[in-house]
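For reference, the chains in residue letters:
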Amino acid sequence: MSKLIEINNVSFAVKNKKIIDNLSLTIQETGVSLIIGPNGAGKTTLLKLMAKIVNPTSGNIIYNNFSQNLPVGFVFQKSILLKRTVRENLLHALKSAQIKGTNESFNEAIDNKLKENNVYHLSEIPAQKLSIGQQQIVSIVRALIINPWILFLDEPTSSLDSSYTEIVEKIIKEESRNIKIILVSQNLNQTGISNKKAIYLNNGKLQ
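Residues numbered from 1 in each chain as written. Predicted model: local features only at pLDDT ≥ 70, side-chain atom pairs only at ≥ 80, totals over all residues. Heavy atoms only, no water.

**A short note on the side chain of S79**
(1) Moving on: Within the secondary structure, S79 sits in the loop between β5 (72-75) and α2 (86-96).
(2) Moving on: Within the local environment of S79, its side chain forms a polar contact with the side chain of Q136, the two groups lying 3.0 Å apart.
(3) Moving on: Polar contacts involving the side chain of S79 include one to the side chain of S139, which spans 3.3 Å.
(4) Moving on: Setting aside anything within four residues of it in sequence, one finds S79 in contact with Q135, Q136 and S139. (Helix = DSSP H or I, 4+ residues; strand = E, 2+ residues; numbered from the N terminus. Polar contact = N/O pair within 3.5 Å; in protein donor to acceptor, adjacent residues only side chain to side chain. Contact = heavy atoms within 4.5 Å.)

**Topic: helix α3 (residues 103-116)**
(1) Moving on: In a regular helix each residue adds 1.5 Å, so 14 residues correspond to 20 Å; α3 covers 20 Å between its end C-alpha atoms and thus fits that length.
(2) Moving on: For α3, the set of buried residues is F106, I110, D111, K113 and L114.
(3) Moving on: Buried residues belonging to α3 abut α2, α4 (132-144) and α5 (162-175).
(4) Moving on: With its phi angle positive at about 60 degrees, N118 sits one or two positions after the end of α3. (Expected span 1.5 Å × (residues − 1). Buried < 20%, exposed > 50% of the residue type's maximum accessible area, 1.4 Å probe, protein only.)

**Topic: the sheet that holds strand β1 (residues 3-14)**
(1) Moving on: Taken together, the three strands give an open sheet; going across it, the order is β2-β1-β4, and neighbouring strands pair in antiparallel fashion. The open sheet terminates on both sides in strands that have one partner only, identified here as β2 (17-28) and β4 (58-63). On average, each strand axis in the sheet is tilted by 15 degrees relative to the strand beside it, whichever way the strands run.
(2) Moving on: Alignment of β1 against β4, held across five bridges, turns out to be antiparallel. Residue S11 lies in a different strand from β4, and its bridge partner there is S58. (Pairing = 2+ DSSP bridges. Axes fitted to C-alpha atoms, helices over the stretch in contact; angles between N-to-C directions.)

Spelled out as structure tokens, the structure:
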């Protein structure tokens, strides 16, 4: 199995406090990779390092077998949606990612993605009026609409009830057939969502 991301002796510090401590790790290119650990373990920071949201203090991260021009998707623990309709949120994502197309083709892509995930009925509703569960599903759909080469998910089910957790986990499993997904969680019950051995992190180090 090919290596997608190679993390070599990476550290990340804030005011001399190490959040990630000389960590080396390989991420394979298919399926779901699950990163588990307690609060303060450095999970979100590691996710941001891999997504190039922040840069390591030392060490390096190597990305293999993909075009640097392809977009990535990132979904934060708490949904961050624009004060617009669901459709307008997805349209903004497409245009921000500089995806080529017309308004007609964009709307068709949005319709298809919303239908695939059973949320087409939410398309014209202002995002701020959605429930927490609906907002998180829309956040994931918005990340997927740009056809990312990899999707980073930061504890996407931590604020959800069991019914929405089940829906999100189903989306993750289905989408992982087509793209790489890296998922951060504190929930040990989610180890079954991955087809790989879970990565355990604590105090910025692998356990």
